[in-house]
Each structure stands twice: as C-alpha cells, then as structure tokens.
Amino acid sequence: MSGQHLSLPLVLVGMPGSGKSRVGRALAARLCVPHVDSDDLVVEEAGVPISQIFSEQGEGTFREMEARAVERALTRRAVISLGGGAVTTPRVRELLRGCSVVHLDVAHEELLRRTAKKTHRPLLLPDPDVALRRLREEREHLYRGVATADVHSDSRPVSRVVEDILLLMGGAPDVVQVRGTSPYPVLIGHGLMAQVADGVRADATKVLLVHPASVSAPAARLTQVLEGRGVEVHTLVHPDAEEGKTLDVAAAGWDAAGAARLGRTDTVIGLGGGATTDVAGFIAATWLRGVEVVQAPTTLLGMVDAAVGGKTGINTPAGKNLVGAFHPPVRVVEDLDLLGTLPVEDLRAGLGEVVKCGLIADAEILELLSRDPGGALDPASPTLHELVVRSVDVKADVVGQDLRESGLREVLNYGHTLAHAIEKCEGYSWRHGDAVSVGCVFAAELARDLGLLGEDEVAAHRLALSALGLPTHYAGAPLKDLVDAMLSDKKVRGGHLRFVLLEGLQNPVVRRVGPEQLRAPAERIGIDVR
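Quick look at the structure, then. (Residues numbered from 1 in each chain as written. Predicted model: local features only at pLDDT ≥ 70, side-chain atom pairs only at ≥ 80, totals over all residues. Heavy atoms only, no water.)

1. Regarding the sheet that holds strand β10 (residues 267-272)
And step 1. Strand order in this open sheet of seven strands is β6-β7-β14-β11-β10-β8-β9, and the pairing throughout is mixed. Of all strands in the sheet, those with a lone pairing partner are β6 (174-178) and β9 (232-238), marking the two edges. Averaged over all pairs of adjacent strands, the angle between their axes in this sheet comes to 15 degrees, without regard to strand direction.
And step 2. Note that β10 and strand β11 (residues 292-297) share six bridges and pair parallel. If you follow G272 over to β11, its bridge partner there is P297.
And step 3. Running over the sheet, helix α10 (residues 216-228) touches β8 (206-212), β9 and β10 and is turned about 170 degrees from β8.
And step 4. Helix α11 (residues 247-260) rests against β8 and β9 of the sheet, and its axis sits at about 165 degrees to β9. (Pairing = 2+ DSSP bridges. Helix = DSSP H or I, 4+ residues; strand = E, 2+ residues; numbered from the N terminus. Axes fitted to C-alpha atoms, helices over the stretch in contact; angles between N-to-C directions. Contact = heavy atoms within 4.5 Å.)

So, in structure tokens, the structure goes:
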C-alpha cells in the first residue's frame with residue numbers, strides 16, 4: 001500500500017476483475033456516502049447492456065459515453081468505480097487530474113481466477129489469460145499515471161482492502177445503524193461537518209438550518225458547505241436550552257419554512273443540543289406533514305440521547321415533551337470536535353445519560369468510566385469516543401425494536417420519572433443529565449425497597465455517578481410537588497405511577513408503584529417527605 005491522504009470523491013481504477021465494484025460498494029457503506037459505478041451510468045444512458053454497445057456501436061462509442069459518465073460522477077461526494085479501460089481515454093485521464101484515485105493492484109493469477117468463467121467482459125473473450133496479459137501491458141502505466149495511491153487487493157477479504165483505503169483517508173467515522181421500519185445511520189467521529197451535508201437528499205434545493213446562537217460558528221461552516229453544493233440555506237436561530245423548546249419557537253420554524261417555500265424534497269437540519277434536535281425534528285415532522293430531518297447534535301446529551309430515536313417535541317405548561325411526534329431522522333452526525341467548546345458542566349451532565357446506558361444494558365460502559373473518569377470528560381480522548389459509540393448502540397438497539405414506545409423503549413426512561421419531575425419543579429433550570437443522575441439513584445433505592453436490588457448494586461449507582469461529579473441527592477421541591485409532576489409522566493396508566501427499575505444491573509423492568517412506596521427512598525436522597 002502506498003500513496004497520500006485521500007478525500008472524496010474517491011475513484012477506484014484497475015484491471016477487469018480487480019474488485020473495483022465490490023470494494024467500492026463496501027467502502028461507500030463504511031463512509032455512508034453513495035457508490036457510483038461508471039458502467040451503470042453508461043447502461044442508464046444507453047438503455048442497453050455494455051456488451052450490446054460493444055457489438056452494435058463499437059468500443060469508440062462506448063468510451064465516449066464512459067467519459068461523459070465519469071464527468072457526471074465526479075460532481076458527487078461519492079466512491080466511484082471506473083471500468084477497467086476508462087483510463088485509456090485521454091478525456092478521462094484529464095478529468096482525474098487532481099482527484100483522489102486508488103489503483104487496485106491484483107496479481108495476474110488472481111485476476112485470471114476471478115474472471116476465467118465470466119462472460120460479461122467482452123474484452124476478455126475468448127481467452128482471458130491472453131487478454132489480461134495484453135491489457136495489463138497496455139494499461140499498467142496509465143493506472144499508475146492517474147493514481148494517488150496503490151492498494152494491493154489479491155486474495156484478501158474485501159474488508160481488509162477497505163480498511164487499507166480508509167487508513168489513507170485518515171480513517172472513517174464509527175457507524176451505528178438504527179434499524180426498524182425507518183432505518184438510518186448514526187455517524188460518530190471527528191471532523192464530520194461535510195457528512196452532515198451528505199445527509200441532504202440529492203434533489204433538495206433548500207435547507208432550514210435550526211440552531212441556537214451558541215453554535216453560530218459551526219452553523220456558518222455548515223452553511224458554507226451546503227451553499228457550495230448549490231443548496232439554498234435558511235436559518236432559524238432559537239434561544240438556548242429548554243427555552244428553545246416552545247410553541248413560539250416551533251411556530252417561528254413553520255413561518256421560516258413557509259417563507260423559504262420549503263418543499264417535500266427539502267430538508268430540516270438540527271444543529272445544537274438536545275433541545276435543538278427535539279424542536280428541529282418537531283418542525284420537520286409537522287411541516288407539510290413531514291419532511292426529512294438530519295440531526296447534528298453538538299452536546300454530549302444530544303449525542304447519546306435526544307438526537308437518536310426519532311422522538312421530537314416541545315414543552316408546554318402541562319409538562320416536558322408532552323407535545324411531539326415520532327419522526328426518525330434520515331441521518332445523525334455526531335462530530336466529537338464540537339464538544340471541545342462545551343462547558344465542562346454540560347459535558348459532565350451528559351454523562352448522566354451515559355451512566356444510565358451502562359446501568360440498564362452495557363456493563364462495559366461502567367468499567368470504562370471506572371478505569372478512566374478523566375477521559376470521559378476529555379472530548380479528544382478515545383475513552384469518550386467509545387462511551388458515545390456504546391451509549392448510542394444501546395439506544396439504537398432499543399428504538400430499532402420499539403420506535404413508538406409501545407413497550408421495550410420504556411426502559412430508556414430509567415431515572416427519568418423523577419428527573420422530569422425535578423426539571424418541571426425547578427422551572428427547567430436543572431440540567432437534564434443532572435436530574436437523570438438523581439433519578440437513577442432514587443430508582444435504585446426504590447428497587448432495593450421492593451427487593452429487586454441489593455445494597456451493593458445501589459452503592460454501585462452512587463459510586464459511578466459521584467465519581468464523575470454528578471449529583472446523587474436532591475433537596476429542592478417537596479415530595480408532594482414531585483408526585484404531582486410525576487402524575488403527568490408518559491408511563492402513567494389509569495392514574496397509577498409506573499417506574500422503570502432494575503431487577504439486577506442491566507436487567508430493567510417496569511413496576512407499578514404507589515405514592516406511599518416513594519417516601520422512604522425519597523427521604524434517603526434528601527427529599528422533604530412531610
């Protein structure tokens with residue numbers, strides 16, 4: 001493997017049978033970008049198979065069509081696989097000048113093994129052995145002349161070849177797939193602003209970019225990327241945090257969409273924290289009864305919770321998130337570089353949701369936090385990167401099975417019944433992750449009283465959260481006010497409180513609980529129960 005740093009669009013060239021299409025498809029999937037095969041573009045234009053073009057119109061006509069196909073393909077941020085003979089055309093070599101081009105180099109014996117029994121390559125008939133030797137002699141210098149890098153393929157698995165190319169590209173983001181009826185990828189890594197724009201559909205002409213003033217700098221960079229692709233960008237700047245999740249903000253979004261004449265093929269982008277992704281998703285869900293939304297969370301809380309799962313909504317005097325819709329995004333892009341400007345208090349609060357994921361599903365999250373609590377607060381650390389990937393994976397696994405919270409998804413609300421009540425009683429001045437931290441300890445104390453958890457497991461809650469500097473006690477509103485707020489919780493059925501509890505770590509269950517059962521655990525975490 002040789003070469004220099006590569007970027008998109010990335011072109012694959014090489015002999016017939018070198019694996020350009022297979023590698024191209026796999027590489028594009030890893031990068032979450034389209035794969036374009038020049039042969040497919042030619043067939044699309046001609047309306048007949050390539051073999052028929054050769055037999056009826058000749059190779060010259062095919063090469064002219066191929067050059068036009070290459071020119072079209074290079075306008076896209078994609079992985080592009082060229083036909084083996086494309087580089088023999090001077091126009092194609094001219095188009096490739098300055099592009100990132102990978103030459104897939106394969107030994108003759110391996111090429112012969114791959115192509116000997118294939119009949120769809122007219123230039124290899126009737127004797128593939130002789131034809132391949134002749135084509136290599138004619139084309140080898142042309143491949144190397146246009147190549148930015150040479151990667152040896154041979155008999156290695158496609159995945160290994162892809163990893164070699166990704167290394168030359170500086171790596172690829174981690175991708176967590178959210179499955180279900182409306183699947184989408186969550187990209188996690190560094191320097192991913194262009195990937196946000198990649199989520200906008202090719203036929204979109206306009207974008208409504210929703211963001212708070214605090215992320216104006218990345219919003220300006222994203223706007224530049226979008227406008228560079230010919231997309232018209234309209235913006236809605238909203239108040240920070242929960243003040244941005246109001247009916248007035250949503251109405252301002254609808255007005256902005258109307259003024260921009262945002263159509264069904266256009267896109268809403270949410271760039272900001274959890275409040276931004278919630279309200280941006282709600283605007284997208286309700287404008288024209290639903291347009292696509294791309295979520296680009298800029299806070300840890302947004303990355304591990306709010307932006308993933310398709311829940312959208314606003315707050316009302318009746319409670320938090322009681323008005324909203326299920327509207328999955330087409331893509332979520334989590335650029336960890338954006339955490340570098342996040343106040344440490346906000347980063348720490350986001351870890352409340354991370355610990356929750358460890359408690360309900362992934363014990364390795366708790367191990368990572370125990371081994372490297374400092375790394376969990378460092379946006380550049382591999383520890384935080386892995387914590388985000390693991391937390392997103394926990395949520396993706398659940399929401400992929402239960403988008404509309406008809407059962408399983410309730411387990412993600414561990415700690416949230418009390419947390420939402422605290423937030424409401426405190427006028428949403430508490431950070432959500434801090435409230436979740438207290439809520440998890442309360443749930444553990446309640447589970448102990450019900451015989452579901454032991455003393456050591458309750459202590460593990462307190463230790464994991466307090467080691468990160470997260471709160472484990474609350475002495476604000478009295479229990480009666482908190483209960484009143486909890487009765488508006490989404491899990492309430494028939495006027496009865498229902499809590500997500502743990503029957504052993506990583507084993508969530510839902511239990512109906514009476515108000516009197518709340519007194520003892522509430523008192524143990526500092527709540528006034530009088």
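2. Considering the pairing of β6
And step 1. With five bridges connecting them, β6 and strand β7 (residues 184-189) associate as antiparallel partners. Residue pairing for β7: Q177 is matched across the bridge by P185.
And step 2. Hairpin connection of β6 to β7: five residues between the antiparallel strands, including G180 at a positive phi of 110 degrees.

3. Section: the sheet that holds strand β3 (residues 79-81)
And step 1. Overall, parallel pairing links the five strands, which are arranged β2-β3-β1-β4-β5 in an open sheet. Edge strands, defined here as strands with exactly one partner in the open sheet, are β2 (35-37) and β5 (149-152). Taken over all neighbouring pairs, the strand axes of this sheet differ in orientation by 25 degrees on average, direction set aside.
And step 2. As defined by bridge partners, strand β1 (residues 10-14) adjoins strand β4 (residues 100-105) across five bridges and the pair is classed as parallel. The residue bridging V13 from the neighbouring strand is H103, located in β4.
And step 3. With respect to the sheet, helix α1 (residues 20-31) is in contact with β1, β2, β3 and β4, its orientation differing from that of β3 by roughly 175 degrees.

4. Some words on the packing of aromatic side chains
And step 1. Counted by the stated rule, this structure contains four aromatic pairs.
And step 2. Between F54 and F62, the ring centres sit 5.0 Å apart and the planes meet at 40 degrees, which makes this aromatic pair tilted. With respect to class, F54 is no different from F62; both count as buried.
And step 3. Ring centres of F442 and F499 lie 5.9 Å apart, and the angle between their planes is 50 degrees; on these two criteria the pair is classed as tilted. (Phe/Tyr/Trp six-rings, centres within 6.5 Å; stacked < 30°, edge-to-face > 60°. Buried < 20%, exposed > 50% of the residue type's maximum accessible area, 1.4 Å probe, protein only.)

5. Observations regarding the pairing of strand β13 (residues 319-326)
And step 1. In this structure, strand β12 (residues 311-316) lies alongside β13, joined through five bridges in antiparallel fashion. When the bridges of β13 are listed, K311 appears paired with F326.

6. Points about helix α19 (residues 455-466)
And step 1. In a regular helix each residue adds 1.5 Å, so 12 residues correspond to 16 Å; α19 covers 16 Å between its end C-alpha atoms and thus fits that length.
And step 2. If you check which residues of α19 are buried, you get V458, H461, A464 and L465. Seen end-on, α19 carries its buried residues on one side only, within an arc spanning 130 degrees. For α19, the exposed residues set more than 90 degrees away from the buried face come down to D456 and L463. (Expected span 1.5 Å × (residues − 1). Arc of directions from axis to C-beta.)

7. Notes on the packing of helix α6 (residues 108-115) against helix α7 (residues 128-146)
And step 1. Where α6 contacts α7, the axes come no closer than 10 Å and their chain directions differ by 130 degrees. Between α6 and α7, the angle is such that the two are oblique. α6 and α7 meet at a crossing whose hand is right-handed. Within the contact between the two elements, α6 uses H108, L111, L112 and T115 and α7 uses P128, D129, L132, R133 and R136.
And step 2. Along the lines of polarity and charge, the residues of the contact of α6 with α7 split into four nonpolar, two polar and three charged. (Parallel < 35°, antiparallel > 145°, perpendicular 65-115°, else oblique. Left-handed = near helix turned anticlockwise from the far one by under 90°. Nonpolar A, V, L, I, M, F, W, Y, C, P; charged D, E, K, R; others polar.)

8. Observations concerning the side chain of T383
And step 1. Its place among the elements puts T383 in helix α16 (residues 382-401).
And step 2. When residues no more than four places from it in sequence are discounted, the contact partners of T383 are L368, D372, G375 and A376.

9. Some details on unusual backbone geometry
Keep in mind that most residues, glycine aside, have a negative phi and that most peptide bonds are trans.
And step 1. Here the residue pair L8 and P9 is connected by a cis peptide bond, since its omega of -5 degrees sits within 30 degrees of zero.
And step 2. Note on placement: P9 falls in the segment before β1.
And step 3. Not every positive phi belongs to a glycine, and R261 is a case in point at roughly 55 degrees.
And step 4. Looking at the secondary structure, you find R261 in the loop between α11 and β10.
And step 5. With relative accessibility at 71%, the residue R261 sits in the exposed group.

10. Re the environment of G454
And step 1. For G454, the position within the fold is in the loop between α18 (432-449) and α19.
And step 2. Once the C-alpha coordinates of G454 and L505 are considered, the two residues, 51 residues apart in sequence, prove to be 9.9 Å apart.

11. Considering the packing of helix α17 (residues 416-425) against helix α20 (residues 479-486)
And step 1. With their axes 8 Å apart at the nearest point, α17 and α20 run at an angle of 110 degrees to one another. On the basis of their axis angle, the class for α17 and α20 is roughly perpendicular. Of the residues in α20, those in contact with T417, L418, A421, I422, K424 and C425 of α17 are D481, L482, A485 and M486.
And step 2. Of the residues belonging to the contact of α17 with α20, the class tally is seven nonpolar, one polar and two charged.

12. Brief notes about the pattern of salt bridges
And step 1. All told, the structure shown has 38 salt bridges when counted by the stated rule.
And step 2. Here E445 and R524 are joined by a salt bridge, their closest N and O atoms 2.7 Å apart. Remark: R524 occurs in helix α21 (residues 519-524) and E445 occurs in helix α18; sequence separation between them is 79 residues.
And step 3. Assessed through its relative accessible area of 3%, E445 is described here as buried.
And step 4. On the basis of relative accessible area, R524 is assigned to the partly exposed category, the value being 31%.
And step 5. Through salt bridges with shared partners, one network takes in E445, R448, D449, E455, R462 and R524. (Salt bridge = Lys/Arg side-chain N within 4 Å of Asp/Glu carboxyl O.)

Coordinates in, geometry out; function isn't part of it.
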